[in-house]
Amino acid sequence: MLRDGTFIELNQKTFPNCHLHRSNSNDVARTEQLTFICTRKKEDAGPTNNWMAPADAKDKVRPIFDGSMKGRTMYVVPYIMGPEKSPYSKIGVEITDSAYVAASMRIMSRMGKAALDRLGSSDDFVPGLHSLGDLDPNRRFIMHFPEEKLIWSVGSGYGGNALLGKKCFALRIASWMARDQGWMAEHMLILGLEDPSGKVTYMAAAFPSACGKTNLAMMVSALESQGYRVWTVGDDIAWMHVDSTGTLRAINPEAGFFGVAPGTNAKTNPNVMDATRHNTIYTNVAMTAQREPWWEGIDTAPADGMINWKGETWTKGSGPAAHPNARYTVPASQSSSISKHWEDPEGLPISALIFGGRRARLAPLVYESHNWQHGVFVGATMASETTAAATGAVGVSRRDPMAMLPFCGYNMADYFGHWLAMGPKMKNPPKIFHVNWFRKGADGKFLWPGYGENVRVLKWMLDRIEGRVTAAETPIGCVPTASSLTLDGLSISRETMNELLSVNPADWTAEEDAVGAFFKKFDGHLPEAIGREKKALADRLNGSTVGVK
Ligand code: SAT
Ligand code: MN
């Protein structure tokens, strides 16, 4: 890769075994409009997925694959999604003509001999065919055939389009398998919150792409001096099963982090800044004159002689030096925050599920749902402002149930039904919370400091799980009472806290209309329980019953 320019060597003294890859400038993010769920019946893909009949999809894409690998090296990449010894792990085999993809898969999954040994002579694996093709966006397709557990991807070498173990297998195909087999494949980080006694409580959290999952999972806690620490299990995907005792347990199917670089610095994610000092592939970041990686929001000021993500000399005013969706690919084991249990074969017991997104105005810092069913409704009605992780407009609010809109491999209404069916299988279903780190004041500035301070919200959840603190009932769920959040050491005014926790019934009534319009898409498919929850919320908003629980 160094010889043919696929990789550019970074400073090997300060960044040993780190390399930079520049993707084609038309191939810098997932392309949702070119991503298809190919099922025999259209309604099985549902109204939120692009659909093509399997035979049509293959006819369309086969000619693009034809001869596309000629003169290239073809890599056969056997890989395990999940810890090597876990009964819940699954095997995939990706065929690719991209050395960058093969190298990235080596970081992101357990690939090679371990996978071959586990597979043996079994044919139980998910095949994925990938070719860069000619990188023409008109000849780019990410095709999923969940009925035959097959992936075909052509025309892109970037991220989730090309590392087929990640979104294509571990979410789209796996969500289909999970529905059939009674488990859950979710777009969730997994973290452990350690309390002063040393007890660790595990939580899984769903946020859309580029909304801070990696930073939350790898957080350096602002309450470390009080004995609260965060341990990382995963940063993007959780596979969850109910065990024989009725406990929901999660494994991280991945072995690395494919995280957003811009905005990452010693304050927002010190652990990843350390972890990415070696053995890291950087994609579409800028490079300094010292051949070190650089991006917007890193701690250092941009300097003359820098090369931008396209390989051009960067000058002030020439636009961002790193692409907004520039990434690092780093082994998870390199983070000093990695949990010592992150590869436990049985997975880790989950006590809380968290939903969240970017909502400048509407949602309070945190609220707690009343029960599993209400929690599923909270997840189903999530929305978030779009980011650079996918091509298209940035900052537009869209509905993104459970952060799975681009990743659910079947009809989303049936997916809600699957969630509803999972709760009763659990003896003590996790509490379900919703958070919003991104609420803004009238001045357009974020009200909450975020990052390491988010541990205060996690601690509140832990206190709720343990029954230690009170909460105030609002129409949408329970929010912290003034004294129940641990705020010592943080300078934030009482007014700002009130604003952060406020629930404005008029705003939520308008939100209800938007939710109603979204749900209309699903015609007859929407589970009745979702409709009941919607009606109950509307009633509460009308009556605005408020009390302390
Ligand atoms: O899908 S990617 O892996 O490219 C990144 C994301 O959207 O989370
Ligand atoms: Mn993701």
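First things first, this report covers the structure right here in the doc.

**Notes on the overall build of the chain**
For the chain, the helix and strand inventory stands at 14 helices and 29 strands. Judged by the C-alpha coordinates and their principal axes, the chain covers about 70 × 55 × 45 Å. Buried positions account for 60% of the 549 residues belonging to the chain. Counted over contacts in the chain with a minimum sequence separation of 6, partners at least 24 positions apart contribute 73%.

**Let's talk about the sheet that holds strand 17 (residues 256-260)**
Strand order in the open sheet formed by five strands is 1-2-18-21-17, and the pairing between neighbours is mixed. For this open sheet the edge positions go to strand 1 (8-9) and strand 17, each flanked by a neighbour on one side alone.

**What about the side chain of Glu-186?**
By the element assignment, Glu-186 lies in strand 11 (residues 184-186). In this structure the side chain of Glu-186 is engaged in a polar contact, spanning 2.5 Å, whose partner is the side chain of Tyr-415. What Glu-186 contacts, discounting residues up to four positions off in sequence, is Leu-171, Asp-236, Ile-237, Ala-238, Met-240, Met-402, Met-404, Tyr-415 and Trp-419.

**Observations regarding the sheet that holds strand 6 (residues 90-96)**
The eight strands are arranged 4-3-9-10-8-6-5-7 in an open sheet whose pairing can be described as mixed. Edge positions in the sheet fall to strand 4 (50-51) and strand 7 (110-111), since each has one partner strand and no second. Note: strand 9 (residues 141-145) against strand 10 (residues 150-154), five bridges, orientation antiparallel. Each bridged residue has a counterpart across the sheet, and for Phe-145 the counterpart in strand 10 is Leu-150. Against the sheet, helix 6 (residues 165-181) engages strand 3 (35-37), strand 5 (75-81), strand 6, strand 8 (126-131), strand 9 and strand 10, with an angle of about 145° to strand 6.

**Quick word on the coordination of the manganese ion (ligand 2)**
Donor atoms from the polypeptide that bind the manganese ion (ligand 2) are Lys-167 (NZ), His-187 (NE2) and Asp-236 (OD), placed at 2.0 to 2.2 Å. Between consecutive donors of the manganese ion (ligand 2), the numbers of intervening residues give the motif K-x19-H-x48-D. With His-187 in the loop between strand 11 and strand 12 (188-194) and Asp-236 in the loop between strand 14 (229-234) and strand 15 (238-242), the pair connects residues that are 49 residues apart, well separated along the chain. Taken as a pair, His-187 and Asp-236 share a single burial class, namely buried.

**Remarks on the site of ligand 1**
Neighbouring ligand 1 are the residues Arg-30, Gly-159, Gly-160, Lys-166, Lys-167, Ser-209, Phe-258, Arg-327 and Ala-389. One of the side-chain nitrogen or oxygen atoms of Lys-167 is found 3.1 Å away from an oxygen atom of ligand 1. Protein burial of ligand 1: of its 250 Å² of free accessible surface, 98% is covered by the chains. Counting residues per element, the ones that place at least two in the shell around ligand 1 are helix 5 (159-162) and helix 6. When grouped by side-chain class, the residues that make up the shell around ligand 1 number two nonpolar, three polar and four charged.

**A look at helix 12 (residues 494-501)**
Among all positions of helix 12, only Thr-496, Met-497, Leu-500 and Leu-501 are buried. Summarising the axial view, the buried residues of helix 12 lie within an arc of 125°, below the 170-degree limit, and thus occupy one face. Opposite the buried face of helix 12, by more than 90 degrees, sit the exposed residues Arg-494 and Glu-495. For helix 12, the elements touching its buried residues are strand 23 (366-368) and strand 28 (477-480).

**Concerning the nonpolar core**
Membership of the largest hydrophobic core comes to 115 residues, with the highest contact counts inside it found for Trp-239, Met-240, Phe-416, Trp-419 and Phe-519. If we ignore the near neighbours within four places in the chain, the residues touching Met-240 are Trp-183, Met-184, Glu-186, Met-188, Ala-204, Leu-248, Arg-249, Ala-250, Ile-350 and Leu-353. Among the nonpolar cores identified, the runner-up in size contains 38 residues, and Ala-217, Val-366, Val-435 and Cys-478 belong to it.

**Concerning the packing of aromatic side chains**
Within the structure shown, the criterion is met by 22 aromatic pairs. Site record: aromatic cluster; members linked through ring pairs are Trp-176, Tyr-410, Tyr-415, Phe-416, Phe-518, Phe-519 and Phe-522. Positioned over the ring face of Phe-407 is Lys-167, at 4.4 Å from the centre of the ring. The ring of Trp-176 carries Arg-179 above its face, with NZ or CZ at 4.7 Å from the centroid.

**Quick notes on helix 11 (residues 455-465)**
Counting along an α-helix, one turn takes 3.6 residues, and residues three or four places apart therefore face a common direction. Within helix 11, ten of the eleven residues are buried, which leaves it mostly tucked inside the rest of the structure. Taken as a whole, helix 11 has its buried residues at Val-455, Arg-456, Val-457, Leu-458, Lys-459, Trp-460, Met-461, Leu-462, Asp-463 and Arg-464. Of the residues trailing helix 11, Gly-467 is marked for its positive phi of about 70°.

Calculation rules
Residues numbered from 1 in each chain as written. Chains lettered and ligands numbered in written order. Predicted model: local features only at pLDDT ≥ 70, side-chain atom pairs only at ≥ 80, totals over all residues. Heavy atoms only, no water. Helix = DSSP H or I, 4+ residues; strand = E, 2+ residues; numbered from the N terminus. Buried < 20%, exposed > 50% of the residue type's maximum accessible area, 1.4 Å probe, protein only. Contact = heavy atoms within 4.5 Å. Pairing = 2+ DSSP bridges. Polar contact = N/O pair within 3.5 Å; in protein donor to acceptor, adjacent residues only side chain to side chain. Axes fitted to C-alpha atoms, helices over the stretch in contact; angles between N-to-C directions. Donors = N, O, S within 2.8 Å, 3.2 Å for Na, K, Ca; no water. Near = heavy atom within 4 Å. Areas by Shrake-Rupley, 256 points an atom, 1.4 Å probe, with all protein chains shown as cover. Nonpolar A, V, L, I, M, F, W, Y, C, P; charged D, E, K, R; others polar. Arc of directions from axis to C-beta. Core = buried A, V, L, I, M, F, W, Y, C linked by side-chain atoms within 4.5 Å. Phe/Tyr/Trp six-rings, centres within 6.5 Å; stacked < 30°, edge-to-face > 60°. Lys NZ or Arg CZ within 6 Å of the ring centre and 35° of its normal.

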